[in-house]
Structure formats: C-alpha cells, structure tokens
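Here are the chains, one letter per residue:
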Amino acid sequence: MKKIKMIAPAKLNLCLEVVKRYDSGFHEINSIMVKSSKLYDDIVIEFDENSNDIVIECDNPDVPTDEQNICWKIADKYFEKIGQSVGVKIVITKRIPMLAGLGGGSSDGASVLLALDEYFGDVQDSGLDLRVPEGPTLGLLNKDELIEIASSVGKDIPFFLQDASSAYVSGAGERVESIFDFPQLSILVVNPKVEISTPWAYGQLDEREWFMNNNNRKKLAQAMRKNHHILDDVAQYVYNDFEFIAQEKCPVVGEIKNAMKTYGARATTISGKGPTVFGIFESTDDLEKTKKILQKQYSSFFVGLF
C-alpha cells in the first residue's frame, strides 16, 4: 500500500486588497502571500487499489471528515477530472488554527491534490515519500489543470500549488505569480480563537467598503511585489482591507496589534479575513521576548512563530 506524506504550510496575507465584486459573488483581490516554515499540518495519504472510498481522519474533532472537508472535495474533483479513482485514506494532524485566515484547509487540500497527481503519474516509489508541496513537477496533469481543480474547490488553494514560498496573488485567487527573492521574515502570529465566516466578512466589505473599486486607491500589493527586498520595503506596505471588520467582530485584535507594536513589531495586521494577528519583527530577540509575554497574557489563545 503506497503512502505519501505531505507538509501543508500555513499562509499569511502580508497585504490584502479586495478591489471588486464579480457577478458570480466571488471577489477580485490583490495580495502578497507567504508560506510558513514553522506552522504546518501533517498529511498522510494512503492509497488502496481495492477500494474507491475516500476516508478522512483528523486528530482535531472540529474538522469535518465527510464531504464537507476540502480534502474530500479535492479528491472527488480529481477523480472526476481524470476518469479514474482509487481508495484513499487521508490522515490529518492539525496544527494550523481553523477559520483563522491562515489557509489551513486550503493548504491541506493542495497537499492532497499534489499527492493524488503524483500517484496517478506513476511515480516509482513504493515507500514513504516526504515532500513539501513545491509545485506539480511530477504527475499526470499539467499545472493549469491542477489550478482548475483547485479553484473549483477553494480560491486560496492555487497559491499552495506553486513552488515559491511567496507570491503575488490576483483575480479571485487563481492567478499566482511566484516571488523567489522575498526576504526571510521573523513573524509572530496570535489567534484569539474567534471564528470569522468568510461569506460574512466579504458581505460586510460589500456593504461598507465604499472605496473598494476606487481607481484612486494606492495599489499596495503591487507596490510590495515590486519593492520587497528588505524588511523596510515590506513593512511600509503591510495592509488588510478586512482589518476594521475583524476588529469590530473581535475587539482584542486591536489590543494585540498595539501590544506587538509596543514590543517592537515593525508592522502588524491580520491575515485573510482574520482574526489572526501577525507582527513582523526585525530582531529575533524581540520576537522571542514578545512571544513569551503574549503567551502569558493570552494563555487561551494560539501564540506561535510563523
């Protein structure tokens, strides 16, 4: 029985601008996204040629293990695309907080998609293959076909299919332009464990972000894409359209941001639609000290390195 083990990293939106609502209900975004090297889920996919079942197991009881799970949807869409199927058991060890703007479900789905494509691409390896998702270099389908499947399930998933750890993301999330020379950043994340629904958050923007598609808006994500080589460059463009909504829904967001600034963060905002707050630090000493302080202050929150 073949097994493939994948590491599914969390993501952050260093900059996120929502610039248009499509007639389909989806939204056009401009964003700079980065993958984590320290915060990730572990995924093990076991293949059974004598079955056609999709089975999901997870150590977090809050994660759905039926057709609602993104990994289940990805597998179903992939089998539909290629006209073949195989039994798969997907075992998820969950470390990324859920519904936190960190892309955990999307990253898990991308890992499963890459593993399925590797399996059906007839890679000759009967052992345990440990890989970080670094783009579809081996497999049955081409990159565009994988992105088509990913986009049909979740708009954040295509980002996790590309090989760089950072990217400029536009459209509804399906257009991903890799950035290979992005600086290594020291980042602290705090998740208050308050859930913010994606449809609700976008609905709030539709009602209240009157400047969404104003042509006079400064294109901050594009500016970061062009000017990102040192921390000073990145820090000046850190921004998120959802921040005021997340702060109203979860007032402690503002408190956390202020605390991070006080302890040395060069820039801070939320990731995705929140409520996870992140801070970028120049000094690793400041980063570690702040982590300890916030872990003590917010003992029931998730506080960790990104």
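The notes below deal with the structure included here. As the structure is a prediction and not an experimental result, all values here were calculated from the model.

1. Notes on the nonpolar core
Ile-45, Tyr-78, Phe-79, Val-88 and Ile-90 are the most contacted members of the largest nonpolar core, which totals 68 residues. A per-element tally of this core places helix α2 (residues 104–120) first, with eight residues. Once you skip the residues sitting within four places of it in the chain, Ile-45 turns out to touch Lys-2, Lys-3, Ile-4, Met-6, Val-88, Lys-89, Ile-90, Val-112 and Ala-115.

2. A word on the pattern of salt bridges
Scanning the entire structure with this criterion turns up 17 salt bridges. Where Glu-57 meets Lys-89, a salt bridge forms, and the shortest distance between an N and an O atom there is 3.5 Å. Taken together, the residues span a long stretch of sequence, with Glu-57 in strand β3 (residues 54–58) and Lys-89 in strand β4 (residues 87–93) at a distance of 32 residues. Classification of Glu-57 by relative accessible area gives partly exposed; the value is 37%. In this structure, Lys-289 engages Asp-285 in a salt bridge whose closest nitrogen and oxygen atoms are separated by 3.2 Å. Placement of both Lys-289 and Asp-285 in helix α9 (residues 284–297) is noted, with a separation of four residues, approximately one turn of the helix.

3. Observations concerning the environment of Ser-165
For Ser-165, the position within the fold is in the loop between α3 (143–153) and β6 (166–170). Residues Ser-165 and Thr-198, spaced 33 residues apart in sequence, show a C-alpha to C-alpha distance of 24 Å. Ignoring anything within four residues of it in the chain, the contact list for Ser-165 reads Met-33, Val-34, Lys-35 and Phe-159.

4. Here we look at helix α1 (residues 70–82)
The end-to-end C-alpha distance of α1, which contains 13 residues, comes to 18 Å, matching closely the 18 Å that a straight helix rising 1.5 Å per residue would cover. Residues of α1 that are buried include every one of Cys-71, Trp-72, Ile-74, Ala-75, Tyr-78, Phe-79 and Ile-82, and no others. Taken end-on, α1 shows its buried residues confined to a sector of 165°, consistent with a single buried face. Buried positions along α1 lie against β3, β4, α2 and α3. Its side-chain oxygen placed 2.7 Å from the backbone nitrogen of Cys-71, Asn-69 serves as the N-cap of α1. Note on α1: the residue one or two positions beyond its end, Gly-83, has a positive phi of about 70°.

The rules behind these values
Residues numbered from 1 in each chain as written. Predicted model: local features only at pLDDT ≥ 70, side-chain atom pairs only at ≥ 80, totals over all residues. Heavy atoms only, no water. Core = buried A, V, L, I, M, F, W, Y, C linked by side-chain atoms within 4.5 Å. Buried < 20%, exposed > 50% of the residue type's maximum accessible area, 1.4 Å probe, protein only. Helix = DSSP H or I, 4+ residues; strand = E, 2+ residues; numbered from the N terminus. Contact = heavy atoms within 4.5 Å. Salt bridge = Lys/Arg side-chain N within 4 Å of Asp/Glu carboxyl O. Expected span 1.5 Å × (residues − 1). Arc of directions from axis to C-beta. Polar contact = N/O pair within 3.5 Å; in protein donor to acceptor, adjacent residues only side chain to side chain.

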